[in-house]
Amino acid sequence: MHAEPAQTSDIDLLHAIARSEEGALTALYDRYRLILFGLLVRILNSREEAEDVLQEVFLQVWRRAADFDQERGRPFTWLVTLTRSRGIDRLRVLAARQRLTDSAALEVRAEASDAVADTLHAEQREIIARALASLPAEQRGALRLAYFEGLTQSEIAVRLGSPLGTVKTRMRAGMSTLRELLADQPQNFFGSGPG
Amino acid sequence: MAGHEDYKEMLAAHGLGALDVEEARTLELHLRDCADCGQELDEWKATAAMLALEAAPAAPSEQLKDRIIDVVRNDVAESKSSGSTVEPSAASRRERTNVVSLPTHRKVSSGIPSWFAIAAGLVFVVLLGSLYVLWRQNKAARQDLARLAAQVQETQQQVARQREVIELVNAPGARVSQLAGTKEVPGAHGMVAYDTSGRAILMAKGLPAPPAGKAYQLWFIAGGKPLPGKVFTTDASGAGTLTDSMPSAAMNSPIFAITLEPAGGVPAPTGAIYLSSGA
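Residues numbered from 1 in each chain as written. Chains lettered and ligands numbered in written order. Predicted model: local features only at pLDDT ≥ 70, side-chain atom pairs only at ≥ 80, totals over all residues.

K.L.:
Help me understand the overall build of chain A, please; the structure alone is not making it clear to me.
P.N.:
On a plain count of helices and strands, chain A comes out with 10 helices and 0 strands. Counting from the amino terminus, chain A carries its helices and strands in the arrangement α-α-α-α-α-α-α-α-α-α. For chain A, buried positions account for 42% of its 195 residues. Put simply, of all contacts in chain A between residues at least 6 apart along the chain, 71% involve residues at least 24 apart. (Helix = DSSP H or I, 4+ residues; strand = E, 2+ residues; numbered from the N terminus. Buried ≥ 20, exposed ≤ 12 C-beta atoms within 10 Å, placed from the backbone. Contact = placed C-beta atoms within 7 Å.)

See below:
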């Protein structure tokens, strides 16, 4: 367990980063590296690419910490959204590059993540896992394709062979259920820290 | 065009980054004016972000933290030297809502501005080069123009002089005397046209350029006595012209001579005779 991250809120860390305090950046990195790297490995199927993108992400955090507006959301959301966005960008570049090689990505997937214990966020993982498990499989599938593979609704419709309208309905329903389930959690569900 | 409720329907998918490009674009336009939808979108984004926790946590290599610190320090050095601190505020304007742009809009990476700067620099250098070439051409053209203008002026003067001669020769009682080169300049020749009023025009050719401080002087010889005329010099082709008034004493059967004298002219000839109409 890390003692320090519990003492400084994410918001304070971002403010310190905005003041170019290097220590705050490494503290934020220590706090979220497992989640963000895990997310990138899931998206990219490659530790090497994931490290490269994570480096870009933290450079971006360094440059743009001042842009974070706490009125509009939590640091966790900001950080994860940035990371996912960069990951999907990279995935598209790689997909364009590797389209011809048709590599057996699915075989790699199982061993690529190299999962570790994230004791800091274990409880939250459990909550999201339960929430997702409560969704109908087709809704869960649509959300995963969008989030981890960066597919648009039209692309998902093609992938699943479903009408576009059906995909839209499933996606909206799945998101609504998730939102309700997570809304039951405390306000400080993620990372806002004290205050 | 879609209405507010239609846009609200799109918000959940947009929070997930799953709208098709065109839909995302129209929704973003709506979001500029609709705070209500903006707030709801933030909530959907928070929900979508929770999906990240479904991915199994994984540890990056130990070296990554050091690499990030290195990159960040280099970035500090770069922005200090290039003054690129503008970026955060520009980004700030665009993404005040904590919205991280959708992947489809994110193709513009941080590498682009530097390429743009290099391209802009190259264009600037090429423009400078073109400007210099144009300036040189313009300068050369101006010089050509000045030279041509001088030639035209000279030609006009010659034409005017010849017209004068023709007019003079055509006048009643006008006469023309031929001048031949002496042993000094056997190839030289000339003529003097004069009318009854005493107006005389000399046109000489084949004369060498007079040395510094010297000029050719016209003499009217009457009764064996040389009466001084004006002085003149020659152009590059060895031609010289002169308009003068004949002394009344020389009006009857004059003889003309050209000598080389001091540039200001002299009252009585001192130098060698170059052209003469007399025997």
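K.L.:
Would you mind going over the interface of chain A and chain B with me for this structure?
P.N.:
Interfaces are often sized by the amount of accessible area the parts lose when they come together. Taken together, the contacts link 66 residues of chain A with 49 residues of chain B. Sorting elements by how many residues they give to the side of chain A that touches chain B places helix α3 (residues 22-44) of chain A first, with 12 residues.

K.L.:
Is there a simple way to explain the sheet that holds strand β5 (residues 225-232) of chain B in this structure?
P.N.:
Pairing between the strands of a sheet comes from backbone hydrogen bonds, and it takes one of two forms, parallel or antiparallel. Residues and elements named next belong to chain B. With antiparallel pairing, the 8 strands of this open sheet are ordered in space as β5-β4-β7-β8-β1-β2-β3-β6. Sheet topology places β5 and β6 (240-245) at the edges, where each strand pairs with a single neighbour. Ignoring strand direction, the axes of neighbouring strands in this sheet form an average angle of 25°. As paired elements, strand β1 (residues 175-181) and strand β8 (residues 273-276) share 2 bridges and run antiparallel to each other. Its bridge partner being in β8, Ala180 is matched across the sheet by Ser276. (Pairing = 2+ DSSP bridges. Axes fitted to C-alpha atoms, helices over the stretch in contact; angles between N-to-C directions.)

K.L.:
Quick question: what am I supposed to make of the packing of helix α2 (residues 10-18) of chain A against α3 of chain A here?
P.N.:
When two helices pack together, their arrangement is given by the angle between the helix axes and by the axis-to-axis distance. All names here are of chain A. At a minimum axis distance of 7 Å, the contact between α2 and α3 shows a crossing angle of 140°. Here α2 lies oblique to α3, going by the angle between them. For the pair α2 and α3, the sense of crossing is left-handed. Two secondary-structure elements touch here, α2 through Leu13, Ala16 and Ile17 and α3 through Ala24, Leu25, Ala27 and Leu28. Of the residues in the contact of α2 with α3, the class split is 7 nonpolar, no polar and no charged. (Parallel < 35°, antiparallel > 145°, perpendicular 65-115°, else oblique. Left-handed = near helix turned anticlockwise from the far one by under 90°. Nonpolar A, V, L, I, M, F, W, Y, C, P; charged D, E, K, R; others polar.)

K.L.:
Could you clarify how one ought to interpret the environment of Leu53 of chain B in this entry?
P.N.:
Residue position: Leu53 of chain B is located in the loop between α3 (35-50) and α4 (63-82). Those residues in contact with Leu53 of chain B that lie beyond four places of it in its chain are Ile35, His121, Gln124, Arg125 and Ile128 of chain A.

K.L.:
Even after reading the chapter, I still don't get the pairing of strand β7 (residues 255-262) of chain B, so can you show me in this structure?
P.N.:
A regular strand carries its side chains on alternate faces of the sheet. Residue and element names in this part refer to chain B. Here β7 lies mainly inside the structure; 6 of its 8 residues are buried. In this sheet, β7 lies alongside strand β4 (residues 214-222) in antiparallel orientation, the contact comprising 8 bridges. By the bridge assignment, Phe220 is partnered in β7 with Phe256. In this sheet, β8 lies alongside β7 in antiparallel orientation, the contact comprising 3 bridges.

K.L.:
Please explain the nonpolar core as it appears in this structure.
P.N.:
The nonpolar side chains of soluble globular proteins are, as a tendency, buried together. In this structure, Leu40, Ala146 and Met171 of chain A together with Leu16 of chain B are the most contacted members of the largest nonpolar core, which totals 71 residues. The residues contacting Leu40 of chain A, other than those within four sequence positions of it, are Ala50, Val53, Leu54, Thr83 and Gly87 of chain A. Judged by nonpolar contacts, the second largest core, of 27 residues, contains Val165, Ala200, Leu202 and Tyr274 of chain B. (Core = buried A, V, L, I, M, F, W, Y, C linked by C-beta atoms within 7 Å.)

K.L.:
What am I meant to see in helix α7 (residues 122-133) of chain A here?
P.N.:
All names here are of chain A. With 12 residues, α7 ought to run about 16 Å at 1.5 Å a step, and its terminal C-alpha atoms sit 16 Å apart, in line with that. For α7, the complete set of buried residues consists of Arg125, Ala131 and Leu132. For α7, the arc enclosing every buried residue in end-on projection is 130°, short of the 170-degree limit, so these residues lie on one face. Relative to its buried face, α7 has exposed residues pointing more than 90 degrees away, namely Ala122, Glu123, Glu126, Arg130 and Ala133. (Expected span 1.5 Å × (residues − 1). Arc of directions from axis to C-beta.)

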